[in-house]
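Take a look at the letters that make up each chain.
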Amino acid sequence: MQPLALSRLAALGRTVSLDGIGTLRIPFRPPGDDVGGWIGEGAPIPADSLDFGTVSVSPRKAAAVSIFTAELKKRAAADIEMLLDSALRTDIASIVDAALVDDQPGSAVRPAGLRFNVAAVTASAATDPLVAMRADLAKLAGEIMAGGGTMPVYLVNPVQMTSFGFLPNIAYAVVDTPAVPAGTVIAVDGPAFISGNGSAAVDASKDATIHEDTAPAPIVAGGTAASPTRNLWQTDTLAVRVILEVAWGLPAGRSAWMEGVKW
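A brief look at the structure comes next. (Residues numbered from 1 in each chain as written. Predicted model: local features only at pLDDT ≥ 70, side-chain atom pairs only at ≥ 80, totals over all residues. Heavy atoms only, no water.)

### Observations concerning the pairing of strand β3 (residues 53-57)
Moving on, step 1. The two faces of β3 differ: Gly 53, Val 55 and Val 57 on one face are buried, but Thr 54 and Ser 56 on the other face are not.
Moving on, step 2. Judged from the five bridges that link them, strand β2 (residues 24-28) and β3 form a sheet pairing that is antiparallel. Looking across to β3, one finds that Pro 27 is bridged to Thr 54. (Buried < 20%, exposed > 50% of the residue type's maximum accessible area, 1.4 Å probe, protein only. Helix = DSSP H or I, 4+ residues; strand = E, 2+ residues; numbered from the N terminus. Pairing = 2+ DSSP bridges.)

Listed below in C-alpha cells is the structure:
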C-alpha cells in the first residue's frame, strides 16, 4: 500500500516525538502580528512583543487484532502471519487517513479531522474542467493565505489526482488518498501541520483470552463476563495485533475545503 496520507503530509510540516508525551503544546505565530518596519537613520527601531498561539497534540492509538488457527499456519501455501501483518497495516492506514481528512472533533481516542469546524467554500461552477480546477485551487490557496498560511498542500481523491496530469505544472504539493471523498478537495498549510507518529508495533500471541467482537468489552467487568470469548491456547489458535500511535494538529485558519468540484 502507498504511504499514509498522514506520513506524506507530515513530511511537509513539523514532526515531533511522541516518546513520553502526554500532551505537547506547539507554539505558532498568528496572522497579522508583524513586528518592525522601515526607519530613518538614527531613528528608534519599532519594538513590540511577539504573541504566539498554541496547538496541543496528544498521542492517540489506532489498533486491530485478527485471529487464525494453528492448522492454517501449518498448511497455508503462503506465510499467513506475513499476510495478516500486511492486511492489518493496510487497515490501520485506512483508519488513520479516514480520521485525518474527516470533519469529526477530537476526543480521548482520536485527533480532530482536518475539516472539523471548518465551513466548506463553494466550488467553481465553470463548465470547463481546467477552468474550474484553476479557480478552485486558487480559491483554496487564498483561504490558506488569509488564515496566515504560506504554502498550501492539496489533499484529493485519486479521481481528482488524475486531473493534475493535465496541468502544465503545479506550484504546490498534492497528496492523493482514497480517504478523501471523490469530488472533495482539502487544502492545508503544510509548514503549519504538526504531527507525531511511531512505527507500527506488530505482535503475535497464542496464550491470550480475547473478546471476539468489533466493539469489545473487558473480559470481566462488574462481575459480568463478556461474550463470546476465545482462549487461544485452548482452541489452538493465534492472534496478531497491530498498534500505531499517532497525533496531529493544525492552527485555526490553516485548512480549507470544498466539495462537488467539477474536475
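### So, the packing of aromatic side chains
Moving on, step 1. What the rule picks out here adds up to one aromatic pair.
Moving on, step 2. Considering the side-chain rings of Phe 164 and Trp 263, the 5.8 Å spacing of their centres and the 85 degrees angle between planes classify their relative orientation as edge-to-face. Here the residue Phe 164 occupies a position in the loop between α5 (158-161) and β6 (174-176), and Trp 263 occupies one in the segment after β15 (255-258), the gap between them amounting to 99 residues.
Moving on, step 3. Above the face of the Trp 257 ring, Arg 115 is positioned so that its terminal group lies 4.8 Å from the ring centre. (Phe/Tyr/Trp six-rings, centres within 6.5 Å; stacked < 30°, edge-to-face > 60°. Lys NZ or Arg CZ within 6 Å of the ring centre and 35° of its normal.)

### Observations regarding the pattern of salt bridges
Moving on, step 1. By the definition in use, this model includes five salt bridges.
Moving on, step 2. Here Asp 203 ties to Arg 241 by a salt bridge, and the two come within 3.1 Å at their closest N and O atoms. On the criterion of sequence distance, the pair formed by Asp 203 in strand β9 (residues 201-205) and Arg 241 in strand β14 (residues 237-249) is long-range, its members being 38 residues apart.
Moving on, step 3. Judged by its relative accessible area of 37%, Asp 203 is partly exposed.
Moving on, step 4. Residue Glu 212 is joined to Arg 230 by a salt bridge in which the shortest nitrogen-to-oxygen separation is 3.0 Å. Of this pair, Glu 212 sits in the loop between β10 (209-211) and β11 (220-221) while Arg 230 sits in strand β13 (residues 229-231), placing them 18 residues apart in sequence.
Moving on, step 5. Given a relative accessible area of 32%, Glu 212 falls into the partly exposed group. (Salt bridge = Lys/Arg side-chain N within 4 Å of Asp/Glu carboxyl O.)

### Here we look at the nonpolar core
Moving on, step 1. Core analysis: the largest hydrophobic core is formed by 32 residues, its most contacted members being Leu 6, Val 96, Leu 100, Leu 155, Phe 193 and Trp 248.
Moving on, step 2. Where this core is concerned, the elements lending two or more residues are α1 (5-10), β4 (60-69), α3 (80-101), β5 (152-156), β7 (185-189) and β14.
Moving on, step 3. Examining the composition of this core, we find that nine residues originate from one element, α3, more than from any other.
Moving on, step 4. For Leu 100, the contacting residues outside a window of four places in its chain are Ala 5, Leu 6, Gly 113, Leu 114, Leu 155, Phe 193 and Trp 248.
Moving on, step 5. Core analysis: the second largest hydrophobic core is formed by 18 residues, Val 121, Ile 144, Leu 167 and Val 185 among them. (Core = buried A, V, L, I, M, F, W, Y, C linked by side-chain atoms within 4.5 Å. Contact = heavy atoms within 4.5 Å.)

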